[in-house]
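Spelled out from the first residue to the last, the chains are:
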Amino acid sequence: MTAIDFSQKIVEMIDVVKKFGDFVANDRINLTVHKGEVHSLLGENGAGKTTLVNCLYGLYRPTQGRIRIKGQEVEISDPNAAIQLGIGMVHQHFMLVDTFTVTQNIILGRETTKMMGVLDIARAEKKVAEISERYGLAINPRDKIQDISVGSQQRVEILKALYRGAEILILDEPTAVLTPQEIQELVMIIRNLTQEGKSIIIITHKLHEIKQVADYCTIIRRGKFIDTVEVDKVTEQELASMMVGREVSFAVEKKAQQKGEQILAIQDLVVKDNRGIAAVNGLNLTLHKGEILGIAGVDGNGQSELVEALTGLRKVAGGSITLRGKEITGSKPKEVINRWNIRTIPEDRQKRGLVMEFDVAENLILETYHDTPFSVRGMLNRDKIYAYADHCTQVYDIRPTNPYLTAKSLSGGNQQKVIIAREVSNDPEVLIASQPTRGLDVGAIEYVHTALVNQRDRGKAVLLISFELDEVMNVSDRIAVIFEGKIVGIVDAIGVDENEIGLMMAGGTP
Amino acid sequence: MEAIIKDMGFIIGTTLMYSTPLMFTSLGGVITERSGVVNIGLEGMMFFGAFVGATVAYYSQSPWLGFVCAGLGGALLGLIHAIACVSFAAEQIVSGIAINFLGSGFALFLSRLFFDGATQTLTIPKKIPLPFSFLFGEGKLFQSAGFMDLVFNRFATVYLAFFLVAVVWFVLYKTKIGMRVQAVGEHPEAADTLGINVYRIRYGAVMTSGFFAGLGGAAMSIAVVSRFSNTLISGHGFIALAAMIFGKWKPQGAMLACLLFGGAKGVEIYLGAKGFPVPSSLLAMLPYILTIIVLVGVVGKTTPPAAIGRIFDKSGK
């Protein structure tokens, strides 16, 4: 039931090259999209997908190559020109003004006015309501962006493009922030749009979403065009291999679990967020040796506050945390790390995981710099530090293998390897991994998952917090679902039903 | 009883008079900061405006010409600030500090040049008029030097300031350009992707803020008093800045905050005139102490525009 009209080529990008200095981000990429087609762009992080669509949306100018829109060769100098040509883009990080209403965001730059530039909000609201009804994008035009869900915000972004008469919609990693239910809604929206004759370009590295929604898929690897395939004729495995350039294993290889004694217990924990509202509100959880406990949930249900409370970064307002029966509630971060040996892979590796201006070696000893041999009578022993870093770059496969490089010059995957090296090499009793694969590509994800499983197999406890349901289901032994600061259900990962968890994540009862 | 009413009238009248210059400047602050550009150079712009206003009014004998030129003088400094912060991505605080030195230094330099080496201008021949005098003179509708006279027989700039509060509110919240200014101050990247020229909006906002601060300076030098001197502005620009923050970056809020600070000045003058047994220099500290108390009291509860002080650089993408 595809709606493709093969007689009409809407977008043609021919031999597009984009260079940044000496770096070739796009090397002769070809892309053809027909009317009514959903075309996915697949590639690892840094492969050049976003660069390519930025060329199409006028944010970059291609160094070489041609772009045709509806058969006409065009120069797209800026987003305005792209909008004129009927191209709309939904950015990965939403481009919405939080303090504005839905309507204000949609009309910004194309305001409906009465005379003298006075806004005509009533007319705009009517128009927004019309479009949202026509394409099945449920939204209240008067809501403020800061009050609505991420899924709704995404609909506002799509409406923004439709309001400007977009024929071609570019969606950059649209599902990264959505719940499974919201993803299903998005799929429906995409189907509606193609029925109405719109063409969609969707950037993603989630293979089953491509299988579900896309007609064609163009694979880019390290800036090079690999192939365009008909999605129905390939398997996910084949797509992954084309993307990475080698065989990839999806299934996380795990030995049978050797579950040990209880090590960490959280009882009736209450933690307040920055606004003083209880973000974690009576949470109970136990963690055992030799297990990976996954916490599934939509962003903003208290995950960050839970991790901050466990690591001593945030005050506990009520309840207790015990480690091997010993109360550790209210410990300072340093105690948590050095005394209780609880280590953390933080959710934001650039803000909390690494000092971006420090080099790899310095980042590796952030928690142990004061111990021998790194520090002798208050002076750092640089020989030992760099020797240790050399060792770590080998063992943990940090590339490039140069301990003098600053953290910010590494790729996301290698930054994460530095953090894992630092946290795991101290043999922690409990490893807290918060969003450990966020923004990483398939290869790096595989590495992180293996590291977590290794900890478990060595009889240590791992607490995994992730917004990616797939990840939680693949890696964990048990899955706890967090909703509004409480654990609303705990299930065994073996034989678990995705829909059941998805429902709990959204606050429903299974 | 009558004396108390008259005293009240005196305090309210002085409050209005002293709030007005703050209000112009504070409105300027609202405009620039809502577009995302911090402008602590308001003090220097006000200072320069006070000088330009008095000088032009002195030579041209037209207070209104002086008033408008004061605004243009402030806008000129605004242009410098915009070039530094918007085009060249300079640190906004540093540029603002430089503007403060530049504004006062330039004004004093010109003052010495025009007025025989004096750091003050000569008394202007005509001040800003009192538009409602016809109602308050002897034998007119209201009693001269009565309550109504003290409160409502004020310089035209007083009425203009309140009118501009309404205008800025309307433009900011009800018009296309106002919505764009807010968008640029909250999320410049979003505005940019919708084809709005962030640089142009910020240039406009910063220059308008300079214009308003210049008007505020002139409202001091050619309405409240009748000459410019080097101690005339002494921190009013900073108080206006504080009022803007205290007023939560809203024109109506800034207006109320300015009235509060003006009120402190009104009380100070009243107590001074009554021979209240406190040294006048201590009384003169009242508005400044109030500024600190108020800011300490409300800091943390206000939300500034999200992109404030953040450099927007299109070429960096």
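None of the values given here were measured: they were computed from a predicted structure.

Next up on the list: the overall build of chain B. Within chain B, the regular secondary structure consists of 14 helices and 0 strands. Listed N to C, the secondary structure of chain B is α-α-α-α-α-α-α-α-α-α-α-α-α-α in terms of helices and strands. For chain B, the spread of C-alpha atoms along the three principal axes comes to 70 × 45 × 40 Å. Split into buried and exposed, the 317 residues of chain B put 53% on the buried side. Total accessible area computed for chain B in this model is approximately 13,400 Å², and 71% of it derives from carbon and sulfur atoms. Distance from the positive charge centre (21 side chains) to the negative charge centre (13 side chains) of chain B: 6 Å.

A word on the layout of surface pockets. Picture a little ball the size of a water molecule; that probe, rolled over the atoms, points out where space is still empty. All names here are of chain A. Taken as a whole, the second largest pocket spans an internal volume of roughly 590 Å³. Lining the second largest pocket are 22 residues, and of these L313, T344, P346, R352 and G353 sit closest to its centre. Of all the secondary structure elements, the ones that give two or more residues to the lining of the second largest pocket are α9 (303-310), α10 (333-339), β16 (342-345), α11 (349-353) and α14 (412-424). Looking at side-chain class alone, the lining of the second largest pocket contains 8 nonpolar, 4 polar and 10 charged residues. The two domains that each donate at least three residues to the lining of the second largest pocket are domain 2 (249-341 + 429-510) and domain 3 (348-426).

This part covers the sheet that holds β16(A). Residues and elements named next belong to chain A. The 6 strands are arranged β16-β19-β20-β13-β21-β22 in an open sheet whose pairing can be described as mixed. If you trace the sheet from one side to the other, it starts and ends with β16 and β22 (486-492), each paired once. This sheet shows a mean twist of 20° between the axes of neighbouring strands, independent of strand direction. Against the sheet, helix α15 (residues 442-457) engages β13 (292-296), β16, β19 (430-434) and β20 (461-466), with an angle of about 150° to β20. Across the sheet, helix α17 (residues 498-505) lies against β13, β21 (478-483) and β22, angled at about 30° from β21, the strand it touches most.

Turning our eyes to something else, we now look at empty space enclosed by the protein. Applying the stated criterion across every chain, the model contains 4 cavities of 30 Å³ or more. Space inside the largest cavity adds up to approximately 110 Å³. Y57(A), G88(A), M89(A), A161(A) and L194(B) are the residues nearest the centre of the largest cavity, which is lined by 15 residues in total. At the level of secondary structure, the elements contributing two or more residues to the lining of the largest cavity comprise β6 (87-90) and α5 (150-163) of chain A. In this model, the second largest cavity occupies a volume close to 70 Å³. Every residue along the wall of the second largest cavity is listed here: L264(A), A309(A), L310(A), G312(A), I321(A), I328(A), T329(A), G330(A), S331(A), V336(A), I342(A) and I432(A).

Now for the side chain of T103(A). Among the secondary structure elements, T103(A) is positioned in helix α3 (residues 102-107). Beyond its immediate stretch of four places on either side in the chain, T103(A) contacts A124(A), E125(A), V128(A), P141(A) and R142(A).

What follows deals with the interface of chain B and chain A. If you look at the interface, chain B gives 19 residues, while chain A gives 26 residues. In terms of surface lost to chain A, no three residues of chain B exceed M179(B), T193(B) and L194(B), which account for 38% of the buried area on that side. Here chain B is connected to chain A by 1 salt bridge. Here R180(B) ties to E111(A) by a salt bridge, and the two come within 2.8 Å at their closest N and O atoms. Between the two partners, chain B and chain A, sit 7 residue pairs in polar contact (both at pLDDT 80 or more). Listing elements by their share of the side of chain B that touches chain A, those giving two or more residues are α7 (156-174), α8 (176-186) and α9 (188-193) of chain B.

We now examine helix α3 (residues 63-87) of chain B. Between the first and last C-alpha of α3(B) there are 35 Å, a value that for 25 residues agrees with the 36 Å anticipated at 1.5 Å per step. Following α3(B) by one or two positions, A89(B) adopts a phi angle in the positive range, close to 50°.

All names here are of chain A. If you check the domain split of chain A, you get domain 1 (5-244), domain 2 (249-341 + 429-510) and domain 3 (348-426). In this structure, domain 2 and domain 3 have C-alpha centres spaced 25 Å apart. With 19 residues of domain 2 at the contact, the number on the domain 3 side is 15 residues. The contact between domain 2 and domain 3 buries some 1,200 Å² in all, and 55% of this surface belongs to carbon and sulfur atoms. When residues of domain 2 are sorted by the area they lose upon contact with domain 3, R438, L440 and Y447 head the list and together hold 36% of the total. Note that E308 and R352 form a salt bridge whose closest N and O atoms lie 2.9 Å from each other. Counting every contact that joins domain 2 to domain 3 gives 4 residue pairs in polar contact (both at pLDDT 80 or more). For the side of domain 2 that touches domain 3, the secondary structure elements donating two or more residues are α10 and α15. A per-element tally of the side of domain 2 that touches domain 3 places α15 first, with 5 residues. Looking at the side of domain 2 that touches domain 3, its residues break down into 9 nonpolar, 6 polar and 4 charged.

Let's shift gears to the pattern of salt bridges. Residue and element names in this part refer to chain A. Following the criterion strictly, the structure yields 32 salt bridges over all chains and no others. Taking the shortest distance from any N to any O, the salt bridge between R456 and D457 comes out at 2.6 Å. The exposure class of R456 is buried, given its relative accessible area of 4%. Overall, D457 belongs to the partly exposed group, its relative accessible area being 32%. One salt bridge connects D477 with R456, and the closest N-O pair in it is separated by 2.9 Å. In this pair, D477 is assigned in the loop between α16 (469-475) and β21 and R456 in helix α15, connecting sequence segments 21 residues apart. Across this residue pair, the class does not change: D477 and R456 are buried. If you follow the salt bridges from partner to partner, you end up with E12, R68 and E73 in one network.

Core analysis: the biggest nonpolar cluster contains 124 residues, and I158(A) and L239(A) have the highest contact counts within it. Among the elements that take part in this core, helix α10 (residues 198-224) of chain B stands out by supplying 12 residues, more than any other. Ignoring anything within four residues of it in the chain, the contact list for I158(A) reads V90(A), L137(A), L169(A), L171(A), L186(A), I189(A) and L193(A). With 34 residues, the next largest nonpolar core counts I345(A), V360(A), A361(A) and L452(A) among its residues.

Definitions and cut-offs
- Residues numbered from 1 in each chain as written.
- Chains lettered and ligands numbered in written order.
- Predicted model: local features only at pLDDT ≥ 70, side-chain atom pairs only at ≥ 80, totals over all residues.
- Heavy atoms only, no water.
- Helix = DSSP H or I, 4+ residues; strand = E, 2+ residues; numbered from the N terminus.
- Buried < 20%, exposed > 50% of the residue type's maximum accessible area, 1.4 Å probe, protein only.
- Areas by Shrake-Rupley, 256 points an atom, 1.4 Å probe, with all protein chains shown as cover.
- Lys, Arg positive; Asp, Glu negative; His and termini not counted.
- Charge placed at Lys NZ, Arg CZ, Asp CG, Glu CD.
- 1 Å grid on protein atoms, 1.4 Å probe; cavity = no way out; pocket = protein on both sides within 12 Å on 5 of 7 lines; lining within 4 Å.
- Points joined across faces, edges and corners; volume = space filled by probe spheres on them.
- Nonpolar A, V, L, I, M, F, W, Y, C, P; charged D, E, K, R; others polar.
- Domains from an automatic or database assignment.
- Pairing = 2+ DSSP bridges.
- Axes fitted to C-alpha atoms, helices over the stretch in contact; angles between N-to-C directions.
- Contact = heavy atoms within 4.5 Å.
- Buried area = accessible area lost by both parts, 1.4 Å probe.
- Salt bridge = Lys/Arg side-chain N within 4 Å of Asp/Glu carboxyl O.
- Polar contact = N/O pair within 3.5 Å; in protein donor to acceptor, adjacent residues only side chain to side chain.
- Expected span 1.5 Å × (residues − 1).
- Core = buried A, V, L, I, M, F, W, Y, C linked by side-chain atoms within 4.5 Å.

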